[in-house]
Amino acid sequence: MTFLLAVPGDRDSDLTAADERSGEADAKLVSTAAGLLDRLDEPLEAVAVHAGIWYDRYPWEWMPLLRRKQPYARLLVAQDESVYDSFMMEAVCRLGESLDIRVLPAGASRSKVLQAFRRFAAGGEAWENLSLLGAGGAPRPGGPGTVAVVWSAAAKDGATTAAVNTALALAARGRRSVGLVDANLRNPEIHAGFRMEPDGAAAFALRAKLQTRRLTPEELLGACRLYKQRGSLHVLPGSPRRDTAGDMTPEMMEHLIGVARSAFDITIIDVSGCPDNAATISAVREADERWLVVQNRYASYRRAWGEWFACFWSYCGLSPQEVSLIVNRISQTERPERIADYLGMRLAAALPNMPGGLGLRASDEGVPLYGRPEAAAFSEQIDRLAARLDPEESALPGWVAPPARAGRPGWLDRLTTRFG
């Protein structure tokens, strides 16, 4: 069969790899819009086009052109992974439906798009497996470690609180190596939650290694801060260079996650609730567990999440069934199950609201809530989350949650928190 693949850029390593692996098809590769137009008059059985090749034209201009030029060919379009424009995503998807052009879920890295193109070239429908779930059934990069991603429906819903305390609960068990990665690149807060002073040991220090995809597990461990107050927890703080958040590419984030799988048994990644960056999209795509944190507020689980899902996440192939729900700051009279049913998600935990502003004080003091005697109900729910990531540990005979420490955190706690 004659297959045409159009991906923007030079014939770099990605295109060369695609050429080498497309031996089962008579594949023709082009890297410019002009080259694609030259080939479209030829008889073709299948055409796969990366939308980035049409950087200077709107989808409603070039998608009908594809169908007119190739009225009988199977057509596949991949959206540009560098564009987070929900209007354009919707336009591409709607045009695809009307023109009988298949559209890949948005947000995939270039390498995953090429994987889907090759499967499409082979004549199968396996490309549909390129959903939000990793590489569509292909072996995931990196080691065997488990990865969980946590994000909020709206600002200050508590994703960082859930991520930090769950990581502490896992580390306190002492049987697994645990990594906590702050990938909320525009608003990193994990370092403040531990009162860690910035010293350059942050994600920004790994930027060159991530760009070249040469980061090693040892280098990732070296960039982490070791928090030893309750077990050994490796924390990768966010970058103080917040303006570089947009420089993170899907390939860089996928590489970081793959290395984290090798470096840690369990990795928890805290990301922004705004899916306008590769760190958020790739982390949600690659994770084994996806936790959405909401509050029982209209502006949170109804409006903020509903709007983000409708205008963005749905075009990435995400379904509510692939997300577990954490309801934060819930009172005894509220029913978190009702919120989970409304969203069509499984309820993972309901974190109780701490009386007297205990949660806010814990954040300000840099001493997390987990294990504190006055937060026993909170710690119980956090243990439920930890058990989702480490079920074997919870099943060990005689295992009990680590004892709560008596007393209010004082100067020694804060000093230990700051220096490990």
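Our structure is the block above this text.
For every chain, the first residue of the written sequence is number 1, and numbering continues from 1 along that sequence. The predicted origin of the model limits local features to residues at a pLDDT of at least 70 and limits the giving and counting of side-chain atom pairs to 80 or more, whereas totals for whole chains, interfaces and linings rest on all residues. In computing side-chain properties, one takes all heavy atoms of the structure into account and sets aside hydrogens as well as water.

(A) Spatial organisation of the sheet that holds strand β12 (residues 324–330). Paired strands are those between which DSSP finds at least two bridges. A run of H or I in DSSP counts as a helix once it spans at least four residues, and a run of E counts as a strand once it spans at least two, with each numbered from the N terminus. The eight strands lie next to each other as β8-β9-β7-β10-β6-β11-β12-β13, forming an open sheet whose pairing is mixed. Taken across any chain shown, the strands that pair with only one partner, and hence form the sheet edges, are β8 (225–227) and β13 (346–352). Each neighbouring strand pair of the sheet contributes to a mean axis angle of 25 degrees, computed without reference to strand direction. Bridge count for strand β6 (residues 146–152) against strand β11 (residues 289–295) is five bridges, and the pairing is parallel. When the bridges of β11 are listed, Val149 appears paired with Arg290. Against the sheet, helix α11 (residues 278–286) contacts β6, β7 (178–183), β10 (266–271) and β11, and its axis sits at roughly 145 degrees relative to β10. Contacting β6, β10, β11, β12 and β13, helix α15 (residues 376–389) crosses the sheet at an angle of about 150 degrees to β13. Between the N-to-C directions of two axes lies an angle of 0 to 180 degrees, each axis being a line fitted to C-alpha atoms and, for a helix, fitted only over the stretch in contact. Between two residues, a contact is recorded if the distance between any of their heavy atoms is within 4.5 Å.

(B) Inspection of the environment of Glu45 at higher detail. Tracing the backbone shows Glu45 in the loop between α2 (33–39) and β3 (46–50). When its relative accessible area of 44% is taken as the criterion, Glu45 is described as partly exposed. Residues Glu45 and Ala73, 28 residues apart in the sequence, show an inter-C-alpha distance of 4.7 Å. Burial status follows relative accessibility: with a 1.4 Å probe on protein chains alone, a residue under 20% of its type maximum counts as buried, one over 50% as exposed, and anything between as partly exposed.

(C) Structural detail: the packing of helix α3 (residues 59–69) against helix α4 (residues 86–99). Across the interface, α3 lies against α4 with an axial gap of 10 Å and an inter-helix angle of 25 degrees. Relative to α4, the element α3 is oriented roughly parallel. By crossing handedness, the relation of α3 to α4 is classed as right-handed. The residues of α4 that touch α3, namely those facing Pro59, Trp60, Met63, Pro64 and Arg67, are Phe87, Met88, Ala91, Val92, Leu95, Gly96 and Leu99. Only Asp, Glu, Lys and Arg are considered charged, only Ala, Val, Leu, Ile, Met, Phe, Trp, Tyr, Cys and Pro nonpolar, and every remaining residue, Gly among them, polar. In the contact of α3 with α4, the residues fall into ten nonpolar, one polar and one charged. Orientation categories follow fixed angle ranges, with anything under 35 degrees roughly parallel, anything over 145 roughly antiparallel, 65 to 115 roughly perpendicular, and all other angles oblique. Each crossing gets its handedness from the near helix: less than a right angle anticlockwise from the far helix is left-handed, clockwise is right-handed.

(D) Inspection of the pattern of salt bridges at higher detail. Whenever Lys or Arg places a side-chain nitrogen within 4 Å of a carboxyl oxygen from Asp or Glu, that contact is recorded as a salt bridge. As enumerated under the stated definition, the model contains 17 salt bridges in all. For Asp157, the salt bridge is made with Arg297, and the minimal N-O distance between the two is 3.0 Å. With Asp157 in the loop between β6 and α6 (159–173) and Arg297 in the loop between β11 and α12 (298–311), the pair connects residues that are 140 residues apart, well separated along the chain. Here Asp157 falls in the buried class, since its relative accessible area comes to 0%. The class for Arg297 is partly exposed, based on a relative accessible area of 34%. For Arg186, the salt bridge identified is with Asp276, shortest N-O distance 3.6 Å. Here Arg186, found in the loop between β7 and α7 (190–193), pairs with Asp276, found in the loop between β10 and α11; they are 90 residues apart in sequence, far enough to count as distant.

Read these as layout, nothing more, since geometry by itself doesn't imply function.
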